[in-house]
Amino acid sequence: MAPTQDEISAEIAAARESTARAVAAGGAPPSHPGRDYPPYRSSALRHPRRPLLRVGADPEAAEWHGPVFGVTDITALDADLTRQHQGEPLGERITVAGRVLDRGGRPVRGQLVEVWQANASGRYAHRRDQHPAPLDPHFTGVGRCLTDDQGAYAFTTVRPGAYPWRNHTNAWRPAHIHFSLFGTAFTQRLVTQMYFPGDPLFPYDPILQSVTDSAARARLVAAYDHRLSTPERSLGYRWDIVLDGPAATLPDPEEDH
Ligand SMILES: [Fe+2]
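Residues numbered from 1 in each chain as written. Predicted model: local features only at pLDDT ≥ 70, side-chain atom pairs only at ≥ 80, totals over all residues.

The name recorded for the chain in an unreviewed UniProt entry is Protocatechuate 3,4-dioxygenase subunit beta, from Streptomyces niveus. The Sequence similarities (unreviewed entry) field of the UniProt record for the chain holds the comment "Belongs to the intradiol ring-cleavage dioxygenase family." (UniProt positions renumbered as here; feature names shortened; annotations may be inferred.)

Structure below.
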């Protein structure tokens, strides 16, 4: 039988207390969500059971090569998810913008930022998403752009809806946008999720809560920024992404919800 929200919430609290105890005892906050985070049930089958292999004799060797991708076919239209079809998608139009920075606060320039998300009803345009919320013929939910010289990125889209999933009874994901960033070295590759401020579903969600350090969790939540709102057009959210170092934006433990 599927676990109840109360059972999942108790496990979330236990994991968070265990992190708090470790940090209080002088340990560093975790730099990655637990790969076998039990409240997120399917992570039990997906996490590596053996220690990770080192890449070559020299761990720095992973930094010698960077990801390569084509830049010529990225157009401005790719960053506006509201203009990819004949008509306008339904939902609350939003602008999501911010900067991509390295651990020293330096802008990460010319880097590919990719996003994917559910539509305003909480439905992905994907065959694996069959829950009974409407698809939007004017919304695919996929975008990409390159960071500029200041490391800045920006997307225009609609605010995604919350959606149910089957981790436990009555499991709902808070609204989120998936992000993928290549960075300038493979060790900077980041796949994560951005959340919206004040979402009442935060405490119930084992994916967000798999980031057991509260400061790191807060870094996954965008801020409403009135200066980014466009008159008569869209509401603005700011979300800066730090690829590595102690203030890093942490990855999500999986990337398919
Ligand atoms: Fe998702």
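Read on for the rest.
Moving on, we come to the pairing of strand β1 (residues 93-101). As defined by bridge partners, β1 adjoins strand β4 (residues 152-158) across seven bridges and the pair is classed as antiparallel. Within β4, the position partnered with G98 by the bridge is Y153. Of the pairings in the sheet, the one linking β1 to strand β10 (residues 235-238) comprises four bridges and is parallel in character. For A97, the partnering residue across the bridge sits in β10 and is R238. Where β1 and strand β11 (residues 241-242) come together, two bridges link them in parallel fashion. (Pairing = 2+ DSSP bridges. Helix = DSSP H or I, 4+ residues; strand = E, 2+ residues; numbered from the N terminus.)

Read from one edge to the other, the open sheet built from four strands follows the order β3-β2-β7-β8, with strand pairing classed as antiparallel. Two strands lie at the open edges of the sheet, namely β3 (142-146) and β8 (190-195), each paired on one side alone. Taken over all neighbouring pairs, the strand axes of this sheet differ in orientation by 25° on average, direction set aside. Where strand β2 (residues 112-116) and strand β7 (residues 176-181) come together, four bridges link them in antiparallel fashion. Bridged to W116 within β7 is H178. (Axes fitted to C-alpha atoms, helices over the stretch in contact; angles between N-to-C directions.)

Further remarks concern helix α1 (residues 5-24). Its 20 residues place the ends of α1 28 Å apart at the C-alpha level, agreeing with the 28 Å of an ideal helix rising 1.5 Å per residue. The first or second residue beyond α1 is G26, which carries a positive phi of 105°. (Expected span 1.5 Å × (residues − 1).)

Moving on: the nonpolar core. Among the nonpolar cores identified, the biggest contains 38 residues, and V96, V100, L181, M194, A222 and L243 are the most heavily contacted of them. Counting residues per element, this core draws most heavily on β1, at four residues. Here M194 is in contact with H176, I177, F179, L220, A222 and W239, once residues within four sequence places are set aside. (Core = buried A, V, L, I, M, F, W, Y, C linked by C-beta atoms within 7 Å. Buried ≥ 20, exposed ≤ 12 C-beta atoms within 10 Å, placed from the backbone. Contact = placed C-beta atoms within 7 Å.)

Turning next to unusual backbone geometry. Look at N170: it is not a glycine, yet its phi comes out positive at around 65°. Tracing the backbone through its elements, the reader meets N170 in the loop between β5 (163-165) and β6 (171-173). The exposed category is assigned to N170, around which 11 C-beta atoms lie within 10 Å.

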